[in-house]
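# Summary of the model geometry
Given next are the chains, with one letter for each unit.
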Amino acid sequence: MAAAWEAGWYWLDAGQSGEYWVSWGDTPQGLQFITADPRGSGQSVMYTQMQGVRSIAQFGTTPKVSYWITVHNNGPDGENFVLRGTRVDS
């Protein structure tokens, strides 16, 4: 199983949504499964929707890969969270 990673420290109020990009520059990381991991009250339900993957050509290097993610807080309170991902191995 591939190692998990965490990125950022974010806040969403109850009912609020946010859009986030995750990138690794020119280091290939393979296909990623990304979620929002709540770090607070324990009552929040964070819904994560993968909006897309974008590869941007860079001169002399491997293309930069970015993931566009929308997170929605369906819980009753505001909540801190991190983005958490795992490489999807075939």
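All of the points below concern the structure found in this document. This one's a predicted model, so the numbers in the text were calculated from it and none came from an experiment. (Residues numbered from 1 in each chain as written. Predicted model: local features only at pLDDT ≥ 70, side-chain atom pairs only at ≥ 80, totals over all residues. Heavy atoms only, no water.)

## Comments concerning the pairing of strand 6 (residues 79-87)
Sheet topology note: the strand 1 (residues 4-12)/strand 6 ladder contains seven bridges and is antiparallel. What sits directly across from Glu-6, in strand 6, is Arg-84. Looking at chain direction, strand 3 (residues 32-38) and strand 6 are connected through seven bridges and run antiparallel. When the bridges of strand 6 are listed, Ala-36 appears paired with Leu-83. (Pairing = 2+ DSSP bridges. Helix = DSSP H or I, 4+ residues; strand = E, 2+ residues; numbered from the N terminus.)

## Examining the nonpolar core
In summary, soluble globular proteins display a tendency toward joint burial of nonpolar side chains. Counting residues in each nonpolar core, the largest one holds 12 residues, listed as Trp-5, Leu-12, Tyr-20, Val-22, Ile-34, Ala-36, Met-46, Tyr-67, Ile-69, Val-71, Phe-81 and Leu-83. Mapped onto this core, the elements with two or more residues apiece are strand 1, strand 2 (17-23), strand 3, strand 5 (64-73) and strand 6. No other element matches the three residues that strand 5 contributes to this core. If we skip the residues at most four places from it in the chain, Val-71 touches Leu-12, Gln-16, Ser-17, Gly-18, Tyr-20, Ala-36, Met-46, Tyr-47, Thr-48, Phe-81 and Leu-83. (Core = buried A, V, L, I, M, F, W, Y, C linked by side-chain atoms within 4.5 Å. Buried < 20%, exposed > 50% of the residue type's maximum accessible area, 1.4 Å probe, protein only. Contact = heavy atoms within 4.5 Å.)

## Quick notes on the environment of Leu-31
Note that Leu-31 resides in the loop between strand 2 and strand 3. When its relative accessible area of 51% is taken as the criterion, Leu-31 is described as exposed. On a C-alpha basis, the gap between Leu-31 and Tyr-67 in space is 9.7 Å, while along the polypeptide they are 36 residues apart. If near-sequence neighbours (up to four positions away) are discounted, Leu-31 is found in contact with Tyr-67, Thr-86, Arg-87 and Val-88.

## Some details on the sheet that holds strand 1
Two modes of strand pairing occur in sheets, parallel and antiparallel, and in both the strands are linked by backbone hydrogen bonds. Overall, antiparallel pairing links the three strands, which are arranged 1-6-3 in an open sheet. With one partner strand each, in any of the chains shown, strand 1 and strand 3 form the two edges of the open sheet. Shown here is a sheet whose adjacent strand axes are inclined to one another by a mean of 25°, direction ignored. (Axes fitted to C-alpha atoms, helices over the stretch in contact; angles between N-to-C directions.)

## Digging into the environment of Asp-89
Inspection of the secondary structure assignment puts Asp-89 in the segment after strand 6. Using a relative accessible area of 47% as the deciding quantity, one classes Asp-89 as partly exposed. As a C-alpha pair, Asp-89 and Leu-31 span 58 residues in sequence and 7.6 Å in three-dimensional space.

## Description of the packing of aromatic side chains
Throughout the structure, instances matching the rule amount to four aromatic pairs. Pairing Trp-21 with Trp-68 gives two aromatic rings, centres 5.9 Å apart and planes at 20°, and the pair type is stacked. In this pair, Trp-21 sits in strand 2 while Trp-68 sits in strand 5, placing the two residues 47 residues apart along the sequence. Members of the aromatic cluster, joined through ring pairs, are Tyr-10, Tyr-20 and Phe-81. (Phe/Tyr/Trp six-rings, centres within 6.5 Å; stacked < 30°, edge-to-face > 60°.)

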